Amino acid sequence: TRLVLATHNAGKVTELRQILADVGVEAELLGMDSFPEVADVVETGVTFAANALLKAHAVAQATQLPAIADDSGLAVDVLGGSPGVFSARWAGRHGDDLLNLQLLLAQLGDVPDEHRRAHFACAAALALPDGTEQVWHGTMPGYLIREPRGAGGFGYDPIFVPDEPEGNTLSSAEITPEQKNAISHRGQAFRSLAADLPKFLNT
Ligand code: ITT
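Rules behind the numbers
Residues numbered from 1 in each chain as written. Predicted model: local features only at pLDDT ≥ 70, side-chain atom pairs only at ≥ 80, totals over all residues. Helix = DSSP H or I, 4+ residues; strand = E, 2+ residues; numbered from the N terminus. Rg over C-alpha atoms; globule rule 2.2 N^0.38 Å. Buried ≥ 20, exposed ≤ 12 C-beta atoms within 10 Å, placed from the backbone. Contact = placed C-beta atoms within 7 Å. Near = placed C-beta within 6 Å. Nonpolar A, V, L, I, M, F, W, Y, C, P; charged D, E, K, R; others polar. Pairing = 2+ DSSP bridges. UniProt positions renumbered as here; feature names shortened; annotations may be inferred.

Draft legend 1. The arrangement of the overall build of the protein chain in detail. A tally of regular secondary structure across the protein chain gives five helices and six strands. The order of helices and strands in the protein chain, counted from the N terminus, is β-α-β-α-β-α-β-β-β-α-α. In terms of C-alpha radius of gyration, the protein chain reaches 17 Å, essentially the compact-globule figure of 17 Å for 203 residues. Dimensions of the protein chain, computed from the C-alpha atoms along their principal axes, are close to 55 × 35 × 25 Å. Expressed as a percentage of the 203 residues in the protein chain, the buried residues total 37%. For the protein chain, long-range pairs separated by at least 24 residues make up 59% of all intrachain contacts whose partners lie at least 6 apart in sequence.

Draft legend 2. Inspection of the site of the ligand at higher detail. The ligand sits among 22 residues. The nearest are Thr7, Ser72, Ser87, Ala88 and Gly155. Secondary structure elements with two or more residues in the shell around the ligand: β3 (67-76) and α3 (97-108). The biggest single contributor to the shell around the ligand is β3, with five residues. For the shell around the ligand, a count of residues per class yields five nonpolar, 11 polar and six charged.

Draft legend 3. Geometry of the pairing of β3. Burial within β3 is extensive, with 10 of its 10 residues counted as buried. The pairing of strand β1 (residues 2-5) with β3 spans two bridges and is parallel. In the strand pairing of β3, Val4 is matched with Ala67. In this sheet, strand β4 (residues 117-127) lies alongside β3 in antiparallel orientation, the contact comprising 10 bridges. Its bridge partner lying in β4, Leu74 is registered against Phe120.

Draft legend 4. Spatial organisation of the UniProt feature "active site" (unreviewed entry) in the protein chain. In the numbering adopted here, UniProt assigns the feature "active site" (unreviewed entry) to Asp71. Inspection of the secondary structure puts Asp71 in strand β3. Other than its neighbours up to four places away in sequence, Asp71 contacts Glu43, Phe48, Asn51, Ala52 and Ala123.

Laid out in structure tokens, this is it:
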């Protein structure tokens, strides 16, 4: 079976391929680099799930293959859940990770540690060419520190300390990709999706 992951992020493709292999799903997972003729959809949704579904349906229609898409971001309690769906373009330009992180730190200013709670959230959507759809979710709770730490990960990882494992004080940029996948919002959403995937395939 061929499947498409609606992303240009090669890291996400590798991660999902590994998860599919782990749960024994025999499928060939293609990234959008295999479909250069398919245009990106504009992410106009107000929730992660809405954006993931928009992307998955567009790609399932364009390729006539089962399509998976995810949308994710960081929600900060004291900011009412922002940056949320705007995480990738919080400082204005899509994907400017360093500027996004610096703006967020500036906005938090001197907010004390007990009010620096946040969580990453991910929605992973599957859409079939016939219009069938389902969404799976994952979250990674933690808190924001005052100075970036660590060179791993991407995005807001250097300023985010996950609650897991218990007593953890390392940022999500200071742990290995395997450690992060085991607890991350995207890891959880992708693992749940992978476990349910056989129900949707081979029809
Ligand atoms: P797509 O092509 O898959 O859409 P993207 O870079 O837009 O790739 P997302 O929509 O999943 O990726 O991520 C939105 C933003 O949320 C991302 O740019 C980061 O700023 C932040 N983010 C999401 N997951 C993160 C993680 O695990 N660690 C750090 N930041 C993350």
